[in-house]
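Residue-level structural notes
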Amino acid sequence: MTTLDRRLVAGALAAIVLLPAAACSPAGSGDEDGSGAGGQDATVVVARTGDIDVLDPHKATAFQTVQTLSLVYDRLVTTDAKGTIVPALAEKWELAPDATSVTFTLRDGVTWHDGDPFTAADVKATIERILDEESAAVARSNLAMISGVETPDDKTVSLTLSSPNAAILYALSSTNASILHDKDITAATVDREPNGTGPFRFGEWAQGQQLTLEPNSKYFGGAPKIGRLQFRVIPSESSILAGMRAGRFQLAAVSDPSIAEQADGSDRMELVKQPTLAYHALMLNGRRGPLKDVRVRQAIACAIDRQQVVDTAAFGDGQVTGPITSPAFTYDELEGLPCTPGDTAAARQLLVDAGQGDGFTLTTIVQTGEYATAGGEAENLQAQLGEIGVKLDLQQLASATYVKQWLAADFDAAVALNGGSSDPYLMYGRYFTEGGSLAGPAGLESKELADLLVQGNGTTDDGARQEIYAELQQKLLELSPWVWMFRGDAYYLVGDDLTGFQARPDEALSSLGTASAGAG
Amino acid sequence: MTTRWVASRLAGTLMTLLGVAVVVFVVLRAVPGDAITAALGIESGSLSPRQRASLERFYGIDQPLPMQFASWLGQVVQGNLGVSLQSGRPVTELVGTALPVTVELAVLAMLIGVPLGVAMGLLAASGLDRRRDGATQAVALLGLAVPEFVLGSVVVAVLAQAFGYFPDTGSFVSLTDSFGGNLSQMLYPALVISVGVAATIMRTTRSAYAEVAEADFVRTARGKGLSPGRIRLRHVLHNASVPIVTMSGIQFGYLLGGTVIVEEIFSLPGLGRLLFTSITQRDYPVVQSAVLVVAVGFVLVNLAVDLLYRVIDPRTRTS
């Protein structure tokens, strides 16, 4: 009676036990990607959770896409790790003192990946493409003040500006201002066949799986030392960690603090934490209800202990920050606030002064699924503000819904992760200047803020800019349109066999152009 | 009779597929956000009206909705599944690479899960031994209760930590390219999925077997002195197999829809991930066509199950 059972069960068990063993041998020895080879030909495999979405750098906003295309294309100028403008395709430039024109001298002997020489005509065609609304380039809003492009000779490009704009160099250093070959623009092949001047050539792309970049041996900054760069899409961060532990990847970018925690001290890799330019804030809608009163906004800003948010939501990984995160413009992160954050007594007094001593409720939108700390931040803010009688009604929204309500300023408060920039004007001009493209979600119009931004952007004098932006930071804290909390860390898992990788605040992977593999 | 049966099945199938197409189209448009906000996020707020119009044309969403539906359906009828808004690649190509992955994963999971489930079901139902029944049931319950993302993550973490092994994550290696390479990518995810399949099949087998084992003809067979093994296999299991086949069909059809979580954890480029990514990016043609392909797969599996009934149970042939 039981013999049949036994046979069936034994057969099933054998299938389960033997199959993996059979499969293990080819897989265990299969190191076909050459990660252990080392030297000039070594492939560096980078793991990340998402794939690129478009190939046109002028339309790229997804983090992975920007990161990848900035290795394939160059800008006129770029920034170093400290956020200072340094030469790229332009060797020299001269910004007029009144910031209404800029002239670039282009680098000699640069060639496109297809072999054509790089000339001023390429720059002219690129700028015109960005300004042309038909091409829907995202950099247009930052470059719209360019009123003329002249190319007196093959190596010179002059831009005339309709209004003073000292941020133009930073705007031009964005991947969204990547210089394209005029031939590709005319042939409309930009979104299909990437052809840049950067350290890596676009190779093969298996959508949703992997993307291969080949080194550009003729790169003007020197040929990359690694044989090949491969981006693998591994959607789950815990799988990325497992792959690093197994030595399958040389580099990985992760965002979940709990994964970073597990990676810390693991074999075969080093955890690198890099504060980013992006900042976490509680945006308030100063056009609504009690929030119209500056004292109410200040009370909220005062009640929130920023470090507590960092500790509970981000495992302590993050730096408390003021509004401006640009590396070259660092100021006191609290000066301007009428009290010390976490001082609930002072906060309550401000509410009483404003006639809101009984408290009120704020409809607060929270984005789910985009970054790991959003939920934790919202809950901690809810607890902290509960102490002064401000109740947060949390609405956890999927990304698309969140973006829609955010753009329509359909919220009392928004838990937000906003992108930063090396230039303060590029950070806040679009929120707080008159007619700024994001003036709605900013939640507050202030002539003082707008004036400071325009002034700071209207001079090329470094000392003057420092002073003006210091005042801007103070004013932002004083008016408290939002509560600035902290800059998060970007986490990199760097394999022992990768040397020379350097994390940057703007999260660019440009150091892979000079890194080498196989040392570990 | 057979031709009429085929004709009515075919008509019903076409109606089902059309229904699926309409529902998917409507639901996709009803969720907030379009391809532009999906691609640009808050940056879409900085677009000028003309830029937005240009992008709408680029993404093919400038036409009125009925027009969009009609032009898509027109293409599908001609065998062309459209072009991805994001990558500009033909959907046929995208689905063509994703479908084999999912089908293989589903087949492999069924090959492991169904025999295992049937064996465990027999083990649970056949004995008078209540402890054995209880133990098997507990295992099955555990198999049903542990979510795939937990089991999958644990499997990946343990393999990496203990054996320094990580499933190959380069491009997908098909079975014809390299048997070992393919198996090294597919086996563990298939095992993870098969746990849930086995648990479900085990429970179905157990109850179906227990029910049939009480029937009069089984007692008769026993009375005639047939060997217990023969009674179990030829009489009880054969008669209990209709619900098992039904449940297997349902499970298989479900797996064909893509196993998003397992595909994410093991980074397999299957249909589930293609659908998931395309929904996030609001890549309408890809979602619509891929769902249609899944629906066709489901219909085919149902058809196969119906045909199997006719083989197993002669009574269904006359009805």
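Treat the numbers as computed from the prediction; the structure is a model and nothing was measured.

Our next topic: helix 16 (residues 447-457) of chain A. All names here are of chain A. Restricting attention to buried positions, one finds in helix 16 the residues Leu449, Ala450, Leu452, Leu453, Gly456 and Asn457. Along the axis of helix 16, the buried residues cluster in a sector spanning 165°; they form a single face. Among the exposed residues of helix 16, those pointing more than 90 degrees away from its buried face are Lys447 and Val454. The inward-facing, buried residues of helix 16 abut helix 14 (424-432) and helix 17 (462-479). Its side-chain oxygen at 3.3 Å from the backbone nitrogen of Glu448, Ser446 defines the N-terminal cap of helix 16.

The next point concerns the pattern of salt bridges. Applying the stated criterion to the full structure yields 24 salt bridges over all chains. A salt bridge links Lys59(A) to Asp56(A), with the nearest nitrogen and oxygen atoms 3.5 Å apart. You'll find Lys59(A) and Asp56(A) in the same group, each marked buried. Here Lys475(A) and Glu478(A) are joined by a salt bridge, their closest N and O atoms 3.5 Å apart. With Lys475(A) and Glu478(A) both in helix 17 and three residues apart, this pair spans about one turn of that helix. The partly exposed category is assigned to Glu478(A), whose relative accessible area is 33%. Three or more residues joined by partner-sharing salt bridges are found here, namely Glu133(A), Glu134(A), Arg50(B) and Arg57(B).

It is worth spelling out the packing of aromatic side chains at this point. If you walk through the whole model with that rule in mind, you get 17 aromatic pairs over all chains. Taking the centre distance of 6.1 Å and the plane angle of 40° together, the rings of Tyr279(A) and Tyr428(A) count as tilted. Remark: Tyr428(A) occurs in helix 14 and Tyr279(A) occurs in strand 13 (residues 279-284); sequence separation between them is 149 residues. Each member of the pair, Tyr279(A) as well as Tyr428(A), carries the same accessibility label: buried. Considering the side-chain rings of Tyr428(A) and Trp482(A), the 6.2 Å spacing of their centres and the 55° angle between planes classify their relative orientation as tilted. Pair noted here: Tyr428(A) is in helix 14 and Trp482(A) is in strand 18 (residues 482-495), with a separation of 54 residues, a long-range link. The exposure class of Tyr428(A) is buried, given its relative accessible area of 0%. The lysine or arginine in question, Arg48(A), covers the ring of Phe231(A), its NZ or CZ lying 4.0 Å from the ring centre. For the cation-ring pair, Arg29(B) lies above Phe25(B), with the distance from its terminal atom to the ring centre recorded as 4.0 Å.

Our focus in this paragraph is the sheet that holds strand 6 (residues 146-153) of chain A. Residues and elements named next belong to chain A. Pairing is antiparallel across the open sheet formed by four strands, whose spatial order is 4-5-7-6. Edge strands, defined here as strands with exactly one partner in the open sheet, are strand 4 (90-95) and strand 6. Taking each pair of neighbouring strands and ignoring which way they run, the sheet shows an average axis angle of 20°. Pairing geometry for strand 4 and strand 5 (residues 101-106), over five bridges, is antiparallel. Within strand 5, the position partnered with Lys92 by the bridge is Thr105.

All names here are of chain A. Domain boundaries in chain A define domain 1 (24-72 + 198-275 + 491-520), domain 2 (74-191) and domain 3 (279-487). A C-alpha centroid distance of 33 Å is found between domain 2 and domain 3. In this complex, domain 2 contributes 15 residues to the contact, which on the side of domain 3 involves 12 residues. When the two sides are added together, the surface that domain 2 and domain 3 hide from each other amounts to roughly 980 Å², 60% of it contributed by carbon and sulfur. Considering only the side of domain 2, the residues that lose the most area to domain 3 are Ala166, Ala167 and Tyr170, jointly responsible for 44% of the buried surface there.

All right, on to helix 5 (residues 91-126) of chain B then. With 36 residues, helix 5 of chain B should reach 52 Å at 1.5 Å per residue; the first-to-last C-alpha distance of 50 Å fits that figure. Here helix 5 of chain B lies mainly inside the structure; 26 of its 36 residues are buried.

Each pair of packed helices can be summarised by the angle the axes make with each other and by the distance between the axes. All names here are of chain A. Between helix 16 and helix 17, the shortest axis-to-axis distance is 9 Å and the interhelical angle comes to 160°. The angle between helix 16 and helix 17 falls in the class roughly antiparallel. Relative to helix 17, helix 16 is oriented so that their crossing is left-handed. For the pair formed by helix 16 and helix 17, the contact residues are Glu448, Leu449, Leu452, Leu453, Gln455, Gly456 and Asn457 on the first element and Arg465, Ile468, Tyr469, Glu471, Leu472, Lys475, Leu476 and Leu479 on the second. Across the contact of helix 16 with helix 17, the residue classes break down as eight nonpolar, three polar and four charged.

All names here are of chain A. Contact geometry for helix 14 and helix 16: axes closest at 10 Å, N-to-C directions at 145°. Crossing geometry of helix 14 relative to helix 16 is assigned as left-handed. Between helix 14, through Pro424, Tyr425, Tyr428, Gly429 and Phe432, and helix 16, the contact on the second element is made entirely by Leu449, Ala450, Leu453 and Asn457. A class-by-class count of the residues in the contact of helix 14 with helix 16 yields seven nonpolar, two polar and no charged.

Let's shift gears to the state of the cysteines. Residues and elements named next belong to chain A. Evaluation of the coordinates by the stated rule reveals one disulfide over all chains. At a sulfur-sulfur separation of 1.6 Å, the disulfide partner of Cys302 is Cys339. Around the S-S axis, the bridge from Cys302 to Cys339 shows a dihedral of about -100° and counts as left-handed. One end of the pair, Cys302, is in helix 9 (residues 294-303); the other, Cys339, is in the loop between strand 14 (318-320) and helix 11 (344-353), and 37 residues separate them in sequence. A relative accessible area of 15% means that Cys339 is categorised as buried.

Despite not being glycine, Ala136(A) has its phi angle at roughly 50°, a positive value. Tracing the backbone through its elements, the reader meets Ala136(A) in the loop between helix 3 (120-131) and helix 4 (140-143). Its relative accessible area of 1% is what places Ala136(A) among the buried residues. For Ser267(B), which is not a glycine, the phi torsion comes out positive at approximately 40°. Locating Ser267(B) in the fold gives a position in the loop between helix 11 (260-265) and helix 12 (271-280).

This part is about the interface of chain B and chain A. Across the boundary between the two partners, chain B contributes 58 residues, which contact 59 residues of chain A. Between chain B and chain A lies a buried interface of about 5100 Å² when both sides are counted; carbon and sulfur atoms form 60% of it. When the buried surface of chain B facing chain A is broken down by residue, Ile42(B), Gln51(B) and Phe166(B) rank first, second and third, together holding 12% of it. Summed over the shared surface of chain B and chain A, the result is four salt bridges. The closest approach of N and O atoms between Glu134(A) and Arg57(B), which form a salt bridge, is 2.6 Å.

The next thing to look at is a negative patch on the surface. A cluster of acidic residues, Asp461(A), Asp462(A), Glu467(A) and Glu471(A), forms a negative patch on the protein surface. Among the structural elements, Asp462(A) can be located in helix 17.

Before going further, it helps to examine empty space enclosed by the protein. As enumerated under the stated definition, the model contains four cavities of 30 Å³ or more in all. Each pocket or cavity is described by its volume, and for the largest cavity that value is around 60 Å³. Together, Val54(A), Lys59(A), Ala136(A), Ile36(B), Ala39(B), Leu40(B), Leu55(B) and Tyr59(B) line the largest cavity. Of the residues forming the lining of the largest cavity, the biggest block, three residues, is contributed by helix 2 (residues 35-40) of chain B. Along the lines of polarity and charge, the residues of the lining of the largest cavity split into seven nonpolar, no polar and one charged. Reported here for the second largest cavity is a volume of approximately 50 Å³. Forming the boundary of the second largest cavity are Thr79(A), Asp80(A), Ala81(A), Gly83(A), Leu277(A), Pro327(A), Ser422(A), Arg504(A), Pro505(A) and Asp506(A). Of the residues that constitute the lining of the second largest cavity, the class distribution is four nonpolar, three polar and three charged. When residues of the lining of the second largest cavity are assigned to domains, at least three fall in each of domain 1 (24-72 + 198-275 + 491-520) and domain 2 (74-191) of chain A.

Here the focus is the pairing of strand 17 (residues 413-418) of chain A. All names here are of chain A. The element strand 17 is largely enclosed, with a buried count of five among its six residues. One ladder, built from three bridges, connects strand 15 (residues 360-368) with strand 17; its direction is parallel. Among the inter-strand pairings, Thr364 is bridged to a residue of strand 17, identified as Ala413.

So, how was this worked out
- Residues numbered from 1 in each chain as written.
- Chains lettered and ligands numbered in written order.
- Predicted model: local features only at pLDDT ≥ 70, side-chain atom pairs only at ≥ 80, totals over all residues.
- Heavy atoms only, no water.
- Buried < 20%, exposed > 50% of the residue type's maximum accessible area, 1.4 Å probe, protein only.
- Helix = DSSP H or I, 4+ residues; strand = E, 2+ residues; numbered from the N terminus.
- Arc of directions from axis to C-beta.
- Contact = heavy atoms within 4.5 Å.
- Polar contact = N/O pair within 3.5 Å; in protein donor to acceptor, adjacent residues only side chain to side chain.
- Salt bridge = Lys/Arg side-chain N within 4 Å of Asp/Glu carboxyl O.
- Phe/Tyr/Trp six-rings, centres within 6.5 Å; stacked < 30°, edge-to-face > 60°.
- Lys NZ or Arg CZ within 6 Å of the ring centre and 35° of its normal.
- Pairing = 2+ DSSP bridges.
- Axes fitted to C-alpha atoms, helices over the stretch in contact; angles between N-to-C directions.
- Domains from an automatic or database assignment.
- Buried area = accessible area lost by both parts, 1.4 Å probe.
- Expected span 1.5 Å × (residues − 1).
- Parallel < 35°, antiparallel > 145°, perpendicular 65-115°, else oblique.
- Left-handed = near helix turned anticlockwise from the far one by under 90°.
- Nonpolar A, V, L, I, M, F, W, Y, C, P; charged D, E, K, R; others polar.
- Disulfide = S-S within 2.5 Å.
- Patch = residues over 30% accessible without salt bridge, like charges linked within 9 Å, V, L, I, M, F, W, Y side chains within 5 Å.
- Areas by Shrake-Rupley, 256 points an atom, 1.4 Å probe, with all protein chains shown as cover.
- Lys, Arg positive; Asp, Glu negative; His and termini not counted.
- Charge placed at Lys NZ, Arg CZ, Asp CG, Glu CD.
- 1 Å grid on protein atoms, 1.4 Å probe; cavity = no way out; pocket = protein on both sides within 12 Å on 5 of 7 lines; lining within 4 Å.
- Points joined across faces, edges and corners; volume = space filled by probe spheres on them.

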